[in-house]
Amino acid sequence: MTERFTGSFTQQEPIPPAGIAAANAVMQHGRLHRYNTVAGEVAETALLEVEFAASVGAQYCLAVASGGYAMTTALRACGVGHGDKVLTNAFTLAPVPGAIAAVGAFPVFVGVTEDLVIDLDDLAAKLDQARVLLLSHMRGHICDMRKLMQLCDAAGVTVIEDCAHTMGASWDGVPSGRWGRFGCYSTQTYKHINSGEGGLLISDDAEGMARAIMLSGSYMLFERHMAAPPPETFAQIKYETPNISGRMDNLRAAILRPQLQDLKTQCDRWNALYDVVADGLRDVPGLRLPVRPAQESFVASSFQFLLLDWSSRAIADVIARCAARGVELKWFGGAEPTGFTSRYDSWRYAPSAPMPAADRILAGIVDMRLPLTFSVDDCALIARIIKAEVGAVWQNQAAGLHQAS
Ligand SMILES: *Cc1c(COP(=O)(O)O)cnc(C)c1O
């Protein structure tokens, strides 16, 4: 009998009961706006900021409307504006170049390695083209952060980290988001904590965070922020900084606070699922798993493998065969951008010189979600299906059935 998987790759877990209760309490009192508080009350949003800052060891935190908003705010707070260039990953998702475009700037794309991290040699060669790097820890793969920071510091390039896929992760014991001037997180439904939409911005930089708080639409109520620089930091900045509203509300913050308490447990559960899939796909001919260095403490909310140098037809065949058995794989190499799949040459508003080395990698990346509604047994089954179908197509290729791409 041919095994088939029947689970949903897009079904998240419910909001924990404590989050539902806290959200109900906010709806009962009706003060959803973060600055709408009664005497002695601290808004859920302000509490979330304090707790998130403490969880990563940051001085300051700002809760905002989305991960994309966190990134545009960080870029603006670093002084990036019209016509500027910003270094970023060729392998990332649309909100990243979108954040750069939102401030009128242009991405300069940097290549990707076979281990799915930013190519540090390509970065070194391009550091003279921009003052800021918006580094995307795409799909939770973290590069050698010490080396990256050395390169960027030496060149005077400011680093902003996109941690949409690395909340809870670290490199060499230092949390992702704590290496650059700013760390940006998303709480969109498919990320590590879920409020539907939402974002968090962290920094130790008082001036940068004061700008970010003013930008987010704090009116002149910045003193109500607790994970914020002291009021005197705002003395000039409050006059100079436009209000570009993108605040988080108390309802979302209420839903997120209990999830933040559970984050470590959830990360361990993701990694247990990842291990099962990885074990099932080791030593499959033609299939490469990214190497994960000992310094990388990752959170595997998704799974990637490479079918490097396979023809497009053969990869499309693998995707179709797996789909027929209920396993939804995304292919970053597809000619047309579909679903969440995106790559630098899909973003025609941000033209790039061709990047043949990156193209070779991107063409072979296969991607899959690992929602926590999957069990260990589900993941073992998924791995068996992928292994069988990759194996079948590999044999067809060897027999010459898939020559032209
Ligand atoms: C989700 C995501 C973001 C932020 O997205 P929002 O939908 O704006 O919260 C940023 N970078 C990557 C790589 C993402 O996947």
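To be clear, the structure that these remarks concern was listed above.
We now turn to the structure provided with this report. (Residues numbered from 1 in each chain as written. Predicted model: local features only at pLDDT ≥ 70, side-chain atom pairs only at ≥ 80, totals over all residues. Heavy atoms only, no water.)

1. So, the environment of Asp359
By the secondary structure assignment, Asp359 is in helix α12 (residues 356–362). For the pair Asp359 and Tyr344, spaced 15 residues apart in sequence, the C-alpha separation works out to 9.4 Å. The contact partners of Asp359, leaving out residues within four places of it in the chain, are Arg343 and Tyr344. (Helix = DSSP H or I, 4+ residues; strand = E, 2+ residues; numbered from the N terminus. Contact = heavy atoms within 4.5 Å.)

2. Digging into the nonpolar core
Core analysis: the largest hydrophobic core is formed by 82 residues, its most contacted members being Leu148 and Ile386. For this core, the element with the most residues is helix α10 (residues 263–281), which contributes 9 residues. Mapping this core onto the domain boundaries places at least three of its residues in each of domain 1 (17–261) and domain 2 (263–398). If near-sequence neighbours (up to four positions away) are discounted, Ile386 is found in contact with Leu281, Leu287, Phe305, Cys322, Val327, Leu329 and Met368. Of all hydrophobic cores here, the second largest spans 33 residues; its members include Cys78, Ile160, Cys184 and Leu215. (Core = buried A, V, L, I, M, F, W, Y, C linked by side-chain atoms within 4.5 Å. Buried < 20%, exposed > 50% of the residue type's maximum accessible area, 1.4 Å probe, protein only. Domains from an automatic or database assignment.)

3. Structural notes on helix α3 (residues 67–77)
Extensive coverage of α3 is indicated by the burial of 9 of its 11 residues. Inspection of α3 places Gly67, Tyr69, Ala70, Met71, Thr72, Thr73, Ala74, Leu75 and Ala77 among the buried residues, and these make up the whole buried set. Between the side-chain oxygen at the start of α3 and the backbone nitrogen of Gly68 there is a gap of 3.4 Å, and the oxygen is on Ser66. A positive backbone phi angle near 85° is found at Gly79, which sits one or two residues after α3. (Polar contact = N/O pair within 3.5 Å; in protein donor to acceptor, adjacent residues only side chain to side chain.)

4. Observations concerning the site of the ligand
Among the 15 residues in the neighbourhood of the ligand, the closest are listed as Gly67, Gly68, His165, Ser186 and Lys191. In this structure, an oxygen atom belonging to the ligand sits 2.6 Å away from a side-chain N or O atom of Ser186. Within the contact set of the ligand, an oxygen atom lies 3.1 Å away from a side-chain nitrogen or oxygen of Lys191. Coverage of the ligand by the protein chains reaches 90% of its 380 Å² of free accessible surface. Contributions of two or more residues to the shell around the ligand are made by α3 and α4 (95–102). Sorting elements by how many residues they give to the shell around the ligand places α3 first, with 3 residues. (Near = heavy atom within 4 Å. Areas by Shrake-Rupley, 256 points an atom, 1.4 Å probe, with all protein chains shown as cover.)

5. Remarks on the packing of α10 against helix α13 (residues 376–398)
Close contact between α10 and α13 brings their axes to 8 Å; oriented N to C, the two are set at 25°. By the criterion of interaxial angle, the relationship of α10 to α13 is roughly parallel. In this structure, the crossing between α10 and α13 has a hand that is right-handed. Residues Leu273, Val276, Val277, Gly280 and Leu281 of α10 form the contact with α13, whose participating residues are Val376, Cys379, Ala380, Ala383, Ile386 and Lys387. (Axes fitted to C-alpha atoms, helices over the stretch in contact; angles between N-to-C directions. Parallel < 35°, antiparallel > 145°, perpendicular 65-115°, else oblique. Left-handed = near helix turned anticlockwise from the far one by under 90°.)

6. Quick notes on the packing of helix α2 (residues 44–56) against helix α9 (residues 250–261)
At a minimum axis distance of 8 Å, the contact between α2 and α9 shows a crossing angle of 30°. Judged on the interaxial angle alone, α9 and α2 are roughly parallel. Helix-helix and strand crossings are classified by hand; for α2 and α9 the assignment is left-handed. Listed contacts from α9 to Glu44, Thr45, Leu47, Leu48, Glu51, Phe52 and Ser55 of α2 are Asn250, Ala253, Ala254, Leu256, Arg257, Leu260 and Gln261. Class assignment of the residues belonging to the contact of α2 with α9 gives a composition of 7 nonpolar, 4 polar and 3 charged. (Nonpolar A, V, L, I, M, F, W, Y, C, P; charged D, E, K, R; others polar.)

7. Some thoughts on the sheet that holds strand β6 (residues 170–171)
Spatially, β7-β6-β10 is the arrangement adopted by the 3 strands of the open sheet, whose pairing is antiparallel. At either end of the open sheet lies a strand with only one pairing partner, and these are β7 (174–175) and β10 (296–297). (Pairing = 2+ DSSP bridges.)

8. Remarks on the side chain of Ser186
Positionally, Ser186 belongs in strand β8 (residues 182–186). What makes Ser186 buried here is its relative accessible area of 7%. A polar atom in the side chain of Ser186 sits 3.2 Å from the backbone nitrogen of Gln188. Ignoring any residue separated from it by four or fewer positions in sequence, one finds Ser186 in contact with Gly67, Ala164, Met167, Lys191, Ile193, Gly198 and Gly199.

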